[in-house]
Amino acid sequence: MSLMEKRNRAVFIDRDGTIARDVPYCSRPEDFEMFAGVPEAIRTLNRNGFKVVVITNQSGVARGYFTEETLGRIHDKMLADLQREGARIDGIYYCPHHPDENCECRKPGTALLRLAGRDLDIDMGRSYMIGDMVQDIEAGRAAGCRTIFVTNGGKLPASSRGFAPDAVTGTFSEAVNWILEER
Ligand SMILES: [Mg+2]
Ligand SMILES: [Zn+2]
């Protein structure tokens, strides 16, 4: 190992509404559907040396809408759908808690980002968070990453103190293109 050895760069991505159709409290693998172009964009990140890590709030677990086992089956489907297209995810981190629990892992909390950063030896200052909610942007900024807000045809959030993304794009694929042009 040389002294110049670089730590990993990552692209942290929100799940619902960012890479997949936002089905409220999605509880069935067959309802989980990724947006067009997502596998190709993730494959591009893989090939450019980025770790790709999903960071997702899943309070449906605490609310009793689905179990962690069901969530695991949904994620297995996501990974299988991606693998079929030659795309890979390096980690999936989720918060199963209810907002009232005030945990540190539910975005805009940064506990999951920091945990993934340690697990995968990630240089947060050279990494990115992509999401479709103010909380994603707040969490990414607080963890020291650059942030990209994806509208997916929707509107920008009404003015919010924590909302200061480095870029705004229409789709996840465009966000990935922005990252690759910036580096
Ligand atoms: Mg979302
Ligand atoms: Zn949590």
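Our structure's up above, just so we're on the same page.
Computed from a predicted structure; not experimentally measured.

Draft legend 1. Molecular detail of the pattern of salt bridges. Scanning all chains against the criterion turns up 13 salt bridges. A salt bridge links Arg-146 to Glu-182; the shortest N-O distance between them is 2.7 Å. With Arg-146 in strand 5 (residues 146-150) and Glu-182 in helix 5 (residues 172-182), this pair connects stretches of sequence that are 36 residues apart. Overlapping salt bridges, with partners in common, bring together Asp-14, Lys-107 and Asp-136 in one network.

Draft legend 2. Expanded view of the nonpolar core. Formed by 29 residues in total, the largest nonpolar core has its most connected members in Val-11, Ile-13, Ile-42, Ile-130 and Phe-172. Going through the elements one at a time, strand 1 (10-13), helix 1 (38-47), strand 2 (51-57), helix 2 (68-84), strand 4 (128-131), strand 5 and helix 5 are the ones with two or more residues in this core. Not counting residues up to four positions away in its chain, the partners in contact with Ile-13 are Ile-19, Ile-42, Val-52, Val-53, Val-54, Ile-55, Met-129, Ile-130 and Phe-172.

Draft legend 3. Just the coordination of the magnesium ion (ligand 1), in detail. Surrounding the magnesium ion (ligand 1) are the protein donor atoms Asp-14 (OD), Asp-16 (O) and Asp-132 (OD), at 2.1 to 2.2 Å. Sequence spacing among the residues donating to the magnesium ion (ligand 1) works out to D-x1-D-x115-D. Here the residue Asp-16 occupies a position in the loop between strand 1 and helix 1, and Asp-132 occupies one in the loop between strand 4 and helix 4 (134-142), the gap between them amounting to 116 residues. Here the two residues Asp-16 and Asp-132 agree in accessibility, since each one is buried.

Draft legend 4. Just the coordination of the zinc ion (ligand 2), in detail. Within the protein, Cys-95 (SG), His-97 (ND1), Cys-103 (SG) and Cys-105 (SG) serve as the donor atoms for the zinc ion (ligand 2), at 2.0 to 2.3 Å. Geometry at the zinc ion (ligand 2) is tetrahedral, judged from its 4 donor atoms and the angles of 104 to 118° they form at the metal. A relative accessible area of 25% means that His-97 is categorised as partly exposed.

Draft legend 5. Just the pairing of strand 3 (residues 91-95), in detail. A one-sided burial pattern is seen for strand 3, the buried positions being Gly-91, Tyr-93 and Cys-95 and the unburied ones Ile-92 and Tyr-94. Strand direction decides the pairing type here: strand 2 and strand 3, joined by 5 bridges, are parallel. Bridge assignment links Asn-57 to a residue of strand 3, and that residue is Cys-95. Remark: the strand 2/helix 2/strand 3 crossover connection has right-handed handedness.

Draft legend 6. Spatial organisation of the sheet that holds strand 1. Spatially, the 6 strands line up as an open sheet ordered 3-2-1-4-5-6, and their pairing is parallel. Looking at strand neighbours, the two that pair on one side only are strand 3 and strand 6 (167-169), the edges of this open sheet. With strand direction ignored, the average angle separating the axes of adjacent strands in the sheet is 20°. Looking at chain direction, strand 1 and strand 2 are connected through 4 bridges and run parallel.

Draft legend 7. Structural context of the layout of surface pockets. Of the volumes computed, that of the largest pocket is approximately 410 Å³. Lining of the largest pocket is provided by 19 residues; of these, Asp-16, Asp-22, Asn-57, Arg-106 and Met-133 occupy positions nearest its centre. Only strand 2 and helix 4 provide two or more residues apiece to the lining of the largest pocket. Split by residue class, the lining of the largest pocket holds 5 nonpolar, 6 polar and 8 charged.

Draft legend 8. Just helix 2, in detail. In this model helix 2 runs 24 Å from its N-terminal to its C-terminal C-alpha over 17 residues, within 8% of the 24 Å that 1.5 Å per residue would give. Taken together, the buried positions of helix 2 are occupied by Thr-70, Leu-71, Ile-74, His-75, Met-78, Asp-81 and Leu-82. In a view along the axis of helix 2, the buried residues occupy a sector of 140°, so they form one face of it. Among the exposed residues of helix 2, those oriented more than 90 degrees off its buried face are Glu-69, Asp-76, Gln-83 and Arg-84. Of the surrounding secondary structure, the elements contacted by the buried residues of helix 2 are helix 1, strand 2 and strand 3. Looking at the residues trailing helix 2, positive phi occurs at Gly-86, about 75°.

Rules used throughout
- Residues numbered from 1 in each chain as written.
- Chains lettered and ligands numbered in written order.
- Predicted model: local features only at pLDDT ≥ 70, side-chain atom pairs only at ≥ 80, totals over all residues.
- Heavy atoms only, no water.
- Salt bridge = Lys/Arg side-chain N within 4 Å of Asp/Glu carboxyl O.
- Helix = DSSP H or I, 4+ residues; strand = E, 2+ residues; numbered from the N terminus.
- Core = buried A, V, L, I, M, F, W, Y, C linked by side-chain atoms within 4.5 Å.
- Buried < 20%, exposed > 50% of the residue type's maximum accessible area, 1.4 Å probe, protein only.
- Contact = heavy atoms within 4.5 Å.
- Donors = N, O, S within 2.8 Å, 3.2 Å for Na, K, Ca; no water.
- Tetrahedral: all angles 85-135°; square planar, octahedral: opposite > 155°, others 65-115°.
- Pairing = 2+ DSSP bridges.
- Right-handed = clockwise from strand over helix to strand, strands pointing away.
- Axes fitted to C-alpha atoms, helices over the stretch in contact; angles between N-to-C directions.
- 1 Å grid on protein atoms, 1.4 Å probe; cavity = no way out; pocket = protein on both sides within 12 Å on 5 of 7 lines; lining within 4 Å.
- Points joined across faces, edges and corners; volume = space filled by probe spheres on them.
- Nonpolar A, V, L, I, M, F, W, Y, C, P; charged D, E, K, R; others polar.
- Expected span 1.5 Å × (residues − 1).
- Arc of directions from axis to C-beta.

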